[in-house]
Amino acid sequence: MLKLNYYQINMFAKKLKQNYLHFFLIFSIVILLVGFLYKGDDTTLDINIHDTYYVVEHILVNIFFSILSFLIWGIYFLFQFFGFKLKSKLIIIQFLIHTLSILGIMFPMIFIVDKNNFNPSLFQDPNFLIFIFFGLFLISIILFVVILAMSIFNKLKK
C-alpha cells in the first residue's frame, strides 16, 4: 500500500508550483475521468439556439475538452523545451479562466444559485450561462495565442 507522508506531499506541491504547466495535464486527465465516471440522470447537454436544439452527450464534451487541454499543455511544454520564455502569471490566469469556462459549459447548473425555485431570469437560464462560459472559453484561447505570440516575439528580439 502506498503511504505518503507530509514531506512527500509538500515536495510534490513545490515541484508542481515550479512547473505550473502540468496544471493543464492534470486538468485534462481529471476531465476525462469525470466524463467516464459521470452517471447522472441526464447524460446529454442540450443547447438551444433559436429554434434548433443541439443534443450532445457529456462524454463527447469531456473528451473534446480533455484533448484540448492536453494539446495546450503539449504546446506549452514544447515551447518551454525549446527555450521560449513563457509568462507564468499569464499562464496561471489563462488556466483559471480555461478551467472555469469548461466547468461552466459542462455543468452550467452548478452556477445557478436557486435550484429549488427555478426562475427563468437571464442568469438562471442554463443556455445563457453556457453562452457566457463559451465567451470566457474564447477569451482563454485568445490569451493562449497572445502568450505564445509574446514568447515568440521575445525569442526573436534576442
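Above this text is the structure in question.
Residues numbered from 1 in each chain as written. Predicted model: local features only at pLDDT ≥ 70, side-chain atom pairs only at ≥ 80, totals over all residues. Heavy atoms only, no water.

### A closer look at a nonpolar patch on the surface
Selection rule: Like charges within 9 Å and nonpolar side chains (Val, Leu, Ile, Met, Phe, Trp, Tyr) within 5 Å are joined into patches, using only residues over 30% in relative accessible area that form no salt bridge. Note on areas: Shrake-Rupley, 1.4 Å probe, and residue coverage restricted to the protein chains presented here. Throughout this description, the term salt bridge denotes a Lys or Arg side-chain nitrogen within 4 Å of a carboxyl oxygen of Asp or Glu. Note on conventions: DSSP H or I runs of at least 4 residues are helices, E runs of at least 2 residues are strands, and numbering of each starts at the N terminus. Burial here depends on accessible area, computed with a 1.4 Å probe over protein chains only, as a share of the maximum for the residue type. Under 20% is buried, over 50% is exposed, and the range in between is partly exposed.
A cluster of nonpolar side chains, contributed by Ile-29, Leu-32, Leu-33, Phe-36 and Leu-37, occupies part of the molecular surface with about 490 Å² of accessible area. Secondary-structure assignment places Leu-32 in helix α2 (residues 22-37). Take Leu-32: its relative accessible area is 30%, and that puts it in the partly exposed class.

### Here's the deal with helix α3 (residues 58-81)
Short version of the rule: Helix span, expected: 1.5 Å multiplied by one less than the number of residues in the helix. When checking whether two residues touch, look at their non-hydrogen atoms; a contact exists if any pair is within 4.5 Å.
The first and last C-alpha atoms of α3 sit 34 Å apart over 24 residues, in line with the 34 Å expected at 1.5 Å per residue. For α3, the set of buried residues is His-58, Val-61, Asn-62, Phe-65, Ser-66, Leu-68, Ser-69, Ile-72, Trp-73, Tyr-76 and Phe-79. Structurally, α3 contributes buried residues whose contacts are with α2, β1 (44-49), β2 (52-57), α4 (88-106) and α5 (126-157). Positioned one or two residues after α3, Gly-83 has a phi angle of 90°, which is positive.

### Looking at the packing of α3 against α5
For clarity, the cut-off: Orientation is described by axes fitted as lines to C-alpha atoms, over the contacting stretch for helices, and by angles from 0 to 180 degrees between their N-to-C directions. By definition in this entry, angles of less than 35 degrees are roughly parallel, angles greater than 145 are roughly antiparallel, angles of 65 to 115 are roughly perpendicular, and the rest are oblique. Crossing handedness is read from the near helix: turned anticlockwise from the far helix by less than a right angle, it gives a left-handed crossing, and turned clockwise, a right-handed one. Classes in brief: Ala, Val, Leu, Ile, Met, Phe, Trp, Tyr, Cys and Pro nonpolar; Asp, Glu, Lys and Arg charged; the others, Gly included, polar.
At a minimum axis distance of 11 Å, the contact between α3 and α5 shows a crossing angle of 15°. Judged on the interaxial angle alone, α5 and α3 are roughly parallel. Along this stretch, α3 crosses α5, giving a crossing that reads as left-handed. The segment α3 lies against α5, with Phe-65, Leu-68, Ile-72, Ile-75, Tyr-76 and Phe-79 engaging Phe-137, Ile-141, Phe-144, Ile-147, Leu-148, Ser-151 and Ile-152. Residues of the contact of α3 with α5, tallied by class, amount to 12 nonpolar, one polar and no charged.

### Describing the packing of aromatic side chains
Applicable threshold: Each Phe, Tyr or Trp ring (for Trp, its six-membered ring) is paired with any other whose centre lies within 6.5 Å, and the angle between the two planes then decides the class: stacked below 30 degrees, edge-to-face above 60, tilted in between. Think of it as a cone above the ring: NZ of Lys or CZ of Arg counts as a charge over the ring if it is within 6 Å of the ring centre and within 35 degrees of the ring normal.
Inspection of every chain in the model, using the stated rule, returns 12 aromatic pairs. An aromatic cluster is defined as three or more aromatic residues linked by ring pairs; in this entry it consists of Phe-23, Phe-24, Phe-27, Tyr-76, Phe-95 and Phe-144. Above the face of the Phe-84 ring, Lys-155 is positioned so that its terminal group lies 5.4 Å from the ring centre.

### Describing the side chain of Ser-140
Residue placement: Ser-140 occurs in helix α5. We classify Ser-140 as buried; its relative accessible area is 0%. Leaving out residues up to four positions away in the same chain, Ser-140 has contacts with Gln-94, Ile-97 and His-98.

### Remarks on the nonpolar core
Under the convention used in this document: To form a nonpolar core, buried Ala, Val, Leu, Ile, Met, Phe, Trp, Tyr and Cys residues must be joined to one another through side-chain atoms within 4.5 Å.
Judged by nonpolar contacts, the single largest core of 28 residues is most densely connected at Phe-65, Tyr-76, Leu-86 and Ile-91. Those elements giving two or more residues to this core turn out to be α2, α3, α4 and α5. Excluding residues within four positions of it along the chain, Ile-91 makes contact with Tyr-20, Leu-21, Phe-24, Tyr-76, Leu-86 and Ile-147.

### Notes on the environment of Ile-102
Note that Ile-102 resides in helix α4. Classification of Ile-102 as buried rests on a relative accessible area of 0%. Through-space distance from the C-alpha of Ile-102 to that of Val-61 is 9.4 Å; in sequence the pair is 41 residues apart. Ignoring anything within four residues of it in the chain, the contact list for Ile-102 reads Phe-27, Ile-31, Phe-65, Ser-69 and Phe-137.

### Regarding α4
Side chains three or four residues apart in an α-helix point the same way, a direct result of the helix having 3.6 residues per turn. Compared with the 27 Å implied by 1.5 Å per residue over 19 residues, the 27 Å span of α4 between its first and last C-alpha is a close match. For α4, the complete set of buried residues consists of Ile-91, Gln-94, Phe-95, His-98, Thr-99, Ser-101, Ile-102, Gly-104, Ile-105 and Met-106. Taken together, the buried residues of α4 touch α2, β1, α3 and α5.

### Points about a positive patch on the surface
Filter applied, for reference: Under this rule, positive means Lys or Arg and negative means Asp or Glu; His and the chain ends count for nothing. A single reference atom marks each charge: NZ on Lys, CZ on Arg, CG on Asp, CD on Glu.
Residues Lys-85, Lys-87, Lys-155, Lys-157 and Lys-158 make up a contiguous surface patch of positive charge. Locating Lys-158 in the fold gives a position in the segment after α5. In this structure Lys-158 comes out as exposed when scored by relative accessible area, which is 80%.

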